[in-house]
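# Structural description and commentary
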Amino acid sequence: MRKKIAAGNWKMNTTPAQGTELAAAIASRRNEAGNDVDFIICPPFTHLTEVIRATRGKGVAVGAQNCAAEPKGAYTGEVSAEMLASIGVEYVILGHSERRQYYGETSETLNRKLEMAYANNLTPIYCVGEKLSEREAGKHFDVVKAQITEVIYNLSADKLARLVIAYEPVWAIGTGKTATSAQAQEIHAFIRKVLTEKFGDAADMVPILYGGSVNPKNAAELFGMPDVDGGLVGGASLEAESFIQIGKSFR
Ligand code: PGA
């Protein structure tokens, strides 16, 4: 059985005080979803220590939204995977489309970031997904395949066992436009096939999350698809009520 995951990507939202309050509210209600659902929240760097304190021992894991591609040194403004791991961070989102688009992250950078994450026992949540123009041109399979082969194919099999993938079509992020459950299933199954070609049966255990305007109304249908193992949720993770409802949407 693959893990079921409700992951919240807070992006650049909330103050540390608001974020700590939100984390505590999520932690106090996460049991409503049962123990077979893993909850992960990914606040901004400034909130991590307090959010980890507020959720410790309560069944909510904490992730960062990025980490440096280098281990340490003269990289002004960067935060290393080692720093994150040392305060109790367990996950790190890597390759989010906003990072690819606004900060020029390439497969080359992402290979190094994944290496840093693994070296420090952080589980990467590696994001893939096509832009609207790429889908309209019928290139979405090729784009997603390249994002997988250029980065994930470099991993050893033992690392694959500590990997979460998130498929997030760029046209569905923050737009209110969700992929249909059939569209999500089609590409999730394709991602699993691409992983299987390289890693064999081990690909069956990799959780593949859907992201892009997931909300309490559409989550159950998306999560009901055989290869959709949960969600990477932006906007709807900023309120405890909606995030908990999404966590309760697994069958
Ligand atoms: P959204 O963001 O749920 O607000 O569309 C998802 C994401 O970018 O991870």
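Residues numbered from 1 in each chain as written. Predicted model: local features only at pLDDT ≥ 70, side-chain atom pairs only at ≥ 80, totals over all residues. Heavy atoms only, no water.

### Topic: helix α2 (residues 48-55)
Along α2, the positions that sit buried rather than exposed are L48, V51, I52, A54 and T55. Summarising the axial view, the buried residues of α2 lie within an arc of 165 degrees, below the 170-degree limit, and thus occupy one face. In this fold, the buried residues of α2 make contact with α1 (16-29), β2 (37-42), β3 (60-64) and α3 (81-86). G57 lies just past α2 and shows a positive phi near 75 degrees. (Buried < 20%, exposed > 50% of the residue type's maximum accessible area, 1.4 Å probe, protein only. Helix = DSSP H or I, 4+ residues; strand = E, 2+ residues; numbered from the N terminus. Arc of directions from axis to C-beta. Contact = heavy atoms within 4.5 Å.)

### Focus: the pattern of salt bridges
Taken as a whole and assessed by the stated rule, the structure comprises 16 salt bridges. Notably, a salt bridge pairs R29 with E241, separated by 2.8 Å at the nearest N-O pair. Taken together, the residues R29 in helix α1 and E241 in helix α11 (residues 240-247) connect sequence positions 212 residues apart. Residue R29 is classed as partly exposed on the basis of its relative accessible area of 23%. Here K248 ties to E32 by a salt bridge, and the two come within 3.3 Å at their closest N and O atoms. Remark: E32 occurs in the loop between α1 and β2 and K248 occurs in the segment after α11; sequence separation between them is 216 residues. Counted as one network, the salt bridges with shared partners bring together R2, R192, D227 and D229. (Salt bridge = Lys/Arg side-chain N within 4 Å of Asp/Glu carboxyl O.)

### Things to note about the packing of aromatic side chains
Summed over the entire model, instances satisfying the criterion amount to 6 aromatic pairs. Measuring from ring centre to ring centre gives 6.5 Å for Y102 and Y103, while their planes differ by 85 degrees; the resulting arrangement is edge-to-face. Y103 carries the same exposure label as Y102, and that label is exposed. Seen in terms of ring centroids, F141 and F190 are 4.9 Å apart; in terms of plane orientation they differ by 70 degrees. Their pairing is edge-to-face. Taken as a pair, F141 in helix α7 (residues 140-149) and F190 in helix α9 (residues 181-199) lie far apart in primary sequence, 49 residues in all. Classification of F190 as buried rests on a relative accessible area of 15%. (Phe/Tyr/Trp six-rings, centres within 6.5 Å; stacked < 30°, edge-to-face > 60°.)

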